[in-house]
Each structure stands twice: as C-alpha cells, then as structure tokens.
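# Observations on chain architecture
Each chain, letter by letter, is given below.
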Amino acid sequence: WRMKTIFLFFIFIFLSGCTTKYSQKTNFIQFENNSLQTRHNSQIFVKSDFKEFYSDKMWYTKHDEFKSFGINFWSKSPVDLTKEAFLSQGFTSENNRDTKHIIKINILKFYQSFENNESYALSSFEVLVYEANTQKIIANQLFYYKTLCQENSPKGSLKGFKKNLEDLISEVNRLIT
C-alpha cells in the first residue's frame, strides 16, 4: 500500500510538471515602445467580425484549407497583438477631452499561408478614422499585407505579422497627420 501511494505521488508530480511546463506563453513579438516619445491623442478600437481572431490559436491555410495550430504558445490573439502594437506607439484606448481622432480597426485576415514551399503572413484590415469632436469621417480604407516569412514556422509568421502591423501603423499615422 505504501509503494502504491509513493508511485501515485510520483505520477501526479510528473503529470502536473508537464502541464505547467507548457502553460506559459512566450511572446515572440516585442514592439518597441515609442509611446513616451509620441502621443497621438488618438483613441484606438480593435475588433474582428471573425471569432477566430479573438482566440490564441494561430491560423494558417494550406491547399485552400483553413486550419489552426493546436495551441499557440508564441503570442496573443490577433486582436490583442494589433491593439498592443498601436498602444506601444502612443495611441490610447481611453477617450479623453484631448482625443482628436477615433480609429476603428476591423481585422479581416490574420493568418499564415503556405504556397509553393514558402509561407506568407497575410493580414487585412479595415480602418475607419474620424474626428472625435465632429464625428466627421477622415478615412475609410482597406489595407492588405502579404509578407514573405523568413522561415516556414509559427515563429516565422509572427515576424511577418509584426512587419504587417508596423506597416499598418505607418499608414494610420499618415492618415491622421
């Protein structure tokens, strides 16, 4: 009976160690924080009409099939990644009296595509920019990005997504200046 208890104890320790080992995420996308240098007085809203882009799964297409990697240990959801990218560049998620622009971003595509032995980070965004005081629309545009991944892996696609988000931020900055 004592050996059985010790055996079960070690099995429990082994299994609990395995589950905690993989439960922590490693965020491979780090955005350089320029929020202290650049204040936009622009409020940002990020959403998606697709529930898949709220999950922590990484999505990909191969042979016209839309699939996800089992579990994503590499990053946050596309909605959170996009919001984090803009917040790191001095945009805000709160409305205050100094807010000049309200920017609404709808994520249409955010997945990795495998084509002809190469992979691409595909991102598509609908961006609506309007003045906070008058509600006058300044811009309503679609942005599509297809970046060749440096490696055919989830980590490679994250680097591509980072470039796509940096390009999107540049385009939004151009719209509000």
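Starting afresh in each chain, residues are numbered from 1 along the sequence in its written order. Per-residue local features are limited, in this predicted model, to residues with pLDDT of at least 70; the limit for side-chain atom pairs, both in listing and counting, is 80 or more; totals at the level of whole chains, interfaces and linings are taken over all residues. To obtain the side-chain values, all non-hydrogen atoms of the structure were used and water was disregarded.

### Overview of the packing of aromatic side chains
The line we're drawing: Each pair of aromatic rings taken from Phe, Tyr and Trp, with Trp reduced to its six-membered ring, is defined by centres within 6.5 Å and is described as stacked if the planes are under 30 degrees apart, edge-to-face if over 60, and tilted in the remaining cases. The buried label applies to any residue whose accessible area, calculated with a 1.4 Å probe on protein chains only, is under 20% of its type's maximum; exposed applies above 50%, and partly exposed to all values in between. Elements are defined by DSSP. Helices are runs of H or I of four residues or more, strands are runs of E of two residues or more, and each kind is numbered from the N terminus. Two conditions define a charge located above a ring, namely a distance within 6 Å from the ring centre to NZ of Lys or CZ of Arg, and an angle within 35 degrees of the ring normal.
Following the criterion strictly, the structure yields five aromatic pairs and no others. Measuring from centroid to centroid gives 5.1 Å for Phe86 and Phe91, while their planes differ by 75 degrees, and the two rings are edge-to-face. The exposure class of Phe86 is buried, given its relative accessible area of 0%. Residue Phe91 is classed as buried on the basis of its relative accessible area, which comes to 3%. Arranged with centres 6.4 Å apart and planes meeting at 75 degrees, the rings of Phe110 and Phe125 form a pair that is edge-to-face. Residue Phe110 is found in strand E4 (residues 101-115), and its partner Phe125 is found in strand E5 (residues 118-131); the two are separated by 15 residues along the sequence. Judged by its relative accessible area of 4%, Phe110 falls in the buried class. Here the aromatic residues Phe110, Phe125, Tyr145 and Phe161 are joined through ring pairs into a cluster of three or more. One residue, Lys104, lies across the ring of Phe45, its end atom 5.9 Å from the ring centre.

### Re the pattern of salt bridges
Here the idea is simple: oppositely charged side chains can pair when their charged atoms come close. Worth spelling out the cut-off: Salt bridges are identified by distance alone: a Lys or Arg side-chain nitrogen within 4 Å of an Asp or Glu carboxyl oxygen.
Inspection of every chain in the model, using the stated rule, returns four salt bridges. Here Lys47 and Asp49 are joined by a salt bridge, their closest N and O atoms 2.8 Å apart. With relative accessibility at 40%, the residue Lys47 sits in the partly exposed group. Residue Glu115 pairs with Lys146 through a salt bridge whose shortest N-O separation is 3.1 Å. One end of the pair, Glu115, is in strand E4; the other, Lys146, is in strand E6 (residues 137-148), and 31 residues separate them in sequence. Its relative accessible area of 41% is what places Lys146 among the partly exposed residues.

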